[in-house]
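Spelled out from the first residue to the last, the chains are:
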Amino acid sequence: MLRPSLLFIWLMVVMTIVSCNSAPKGSDTTISTGPWRMSLELVENTELPFDFDLNETEEGFEVIVKNSLERIEVNEVEISEDSFFMRMPIFDSEFHGKIIEGKKIEGYWTDLSRGKDYKIPFTATYGEQPRFIAKSKDEPIQLAPTWEAVFSPESETDVYPAIGKFIQTGNRVTGTFLTEIGDYRYLEGIVEGNQLKLSAFDGSHAFLLIADLDDEGNLKGNFWSGSHWLEPWVATPNPNAELREPDAITYLKEGYDKVNFAFPNLAGDTITLDDPLYQDKVVIIQLMGSWCPNCMDETKLFSKWYRQYQNQGLEIVGVAFERSPDLETAARNLSRLKEHFNVGYEYVIASIKNDKAIAEEKFPMLNRVISFPTAIYIDRTGKVRKIHTGFNGPGTGEPYQRFVDEYGLFIESLLREGNADNMAKK
């Protein structure tokens, strides 16, 4: 029989071992922390992989989703017994899964903004693993850094141009595609023999691109966006590839030089540019949606500009075209976006449908709306000075920085115009 002192020590050791292998918050499951590889099964034999880290903190679990240079911190993670739940920040999407022996999770990802029945199966496995598992030992092709691309080249209605930007180190590739409505954000993948494989997942975008290099040096392949969209694409090396100027795509119809609207904000109060808040101010109208990753990138920048220039006379209003079943859900999703980025400016809800035709009805003074986001820049007199279609964000590197520099100076010039006029009046 153990003496009392030895029994106490033995019990303490047992309790320590149990506590070290238990999940926080009273959970009675064990799951391995560290690197994981997630695979979304878009269709049979076609998987979209991405990496994440599962960490244990004092508050519980957190997940860090990794796409090239991007890191997405996910704090809404619940692990109990053998169940796994993760809600993505900002976007209305979540994971439900079953934990298998602490090193595997099987379940489904659902994008609620597309409906509760939009579900994609996934499998996650523990351990340091490559994003794409190479099956060939052939010497990889060397990609040119810039490509002139066309998506849906045979379609009369869906065809659109793009510019591919890639950085290759060995067989690892990172980069993105710039389009006239926004970029494909942070793509990451490999070159295996003569095949290029790229993927990205951010909670809304679930992108997979696979293409082969043909004998003429062109890329030909397919692009999957979740399980709902599949289209072909082709690309040719071209260091001088260009898209249309984003300031020339959407413009005011003849006879107009101003815009206005009357939409409810998140509290239900009607907001219009005739309100005192917007009088004698430089105003940016941001046509956007909480479901839109490119809008998220633009919101980060606009929030920074608002903090920087508000006291000089800048106002911004986000006009949302949501993908929601009702106004209550739309307001809740916009509130999450507003809180996540600490957005100081107003949001209004123009529609619970992200339909560009509806946007054109709500803003009949515009010739067309082809993109969320679209930003309308207005001077202190209420005159529209620029309309910028789309947003190519930080994943594009130099094009993004060029935009930040150019439009930062443009906003400062509009603010100075007003200051000079006010000084003259005095």
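What you see is a predicted model, and the numbers here were worked out from it, not measured in a lab.

### Concerning the overall build of the protein chain
Across its full length, the protein chain holds 5 helices and 24 strands. The principal-axis extent of the C-alpha atoms belonging to the protein chain is close to 95 × 65 × 40 Å. For the protein chain, the residues scored as buried account for 51% of the 426 residues in total. Looking at the protein chain alone, contacts between residues at least 24 apart form 56% of all its contacts between residues at least 6 apart. Seen as two clouds, the 43 positive and the 66 negative side-chain charges of the protein chain have centres 3 Å apart.

### Observations concerning helix α2 (residues 293–309)
Compared with an ideal rise of 1.5 Å per residue, which puts 17 residues at 24 Å, α2 spans 24 Å between its outermost C-alpha atoms and is within 8% of the ideal. The buried count for α2 comes to 13 of 17 residues, which makes it a mostly enclosed element.

### Comments concerning the pattern of salt bridges
What the rule picks out here adds up to 23 salt bridges. The partner of Arg185 in a salt bridge is Glu70, and the shortest N-O contact between them spans 2.8 Å. Highlighted residues: Arg185 in the loop between β12 (172–179) and β13 (187–192) and Glu70 in strand β4 (residues 70–74), separated in sequence by 115 residues. Between Arg402 and Glu398 there is a salt bridge whose closest N-O contact spans 2.6 Å.

### Digging into the sheet that holds strand β17 (residues 229–237)
Reading around the barrel, the 8 strands line up as β10-β11-β12-β13-β14-β15-β16-β17 and close back on themselves, with antiparallel pairing between neighbours. On average, each strand axis in the sheet is inclined to that of its neighbour by 30 degrees, with strand direction left out of account. As defined by bridge partners, strand β10 (residues 146–151) adjoins β17 across 5 bridges and the pair is classed as antiparallel. Across the sheet, Val150 pairs through a bridge with Val234, a residue of β17.

### Details of the nonpolar core
Formed by 63 residues in total, the largest nonpolar core has its most connected members in Val259, Phe261, Ile285, Trp305, Val319 and Tyr377. In this structure, Phe261 is in contact with Ile271, Thr272, Leu273, Ile285, Val317, Val319, Val348 and Phe363, ignoring residues within four places of it in sequence. Judged by nonpolar contacts, the second largest core, of 33 residues, contains Val74, Phe84, Met86 and Ile120.

Reading the values: rules and limits
- Residues numbered from 1 in each chain as written.
- Predicted model: local features only at pLDDT ≥ 70, side-chain atom pairs only at ≥ 80, totals over all residues.
- Heavy atoms only, no water.
- Helix = DSSP H or I, 4+ residues; strand = E, 2+ residues; numbered from the N terminus.
- Buried < 20%, exposed > 50% of the residue type's maximum accessible area, 1.4 Å probe, protein only.
- Contact = heavy atoms within 4.5 Å.
- Lys, Arg positive; Asp, Glu negative; His and termini not counted.
- Charge placed at Lys NZ, Arg CZ, Asp CG, Glu CD.
- Expected span 1.5 Å × (residues − 1).
- Salt bridge = Lys/Arg side-chain N within 4 Å of Asp/Glu carboxyl O.
- Pairing = 2+ DSSP bridges.
- Axes fitted to C-alpha atoms, helices over the stretch in contact; angles between N-to-C directions.
- Core = buried A, V, L, I, M, F, W, Y, C linked by side-chain atoms within 4.5 Å.

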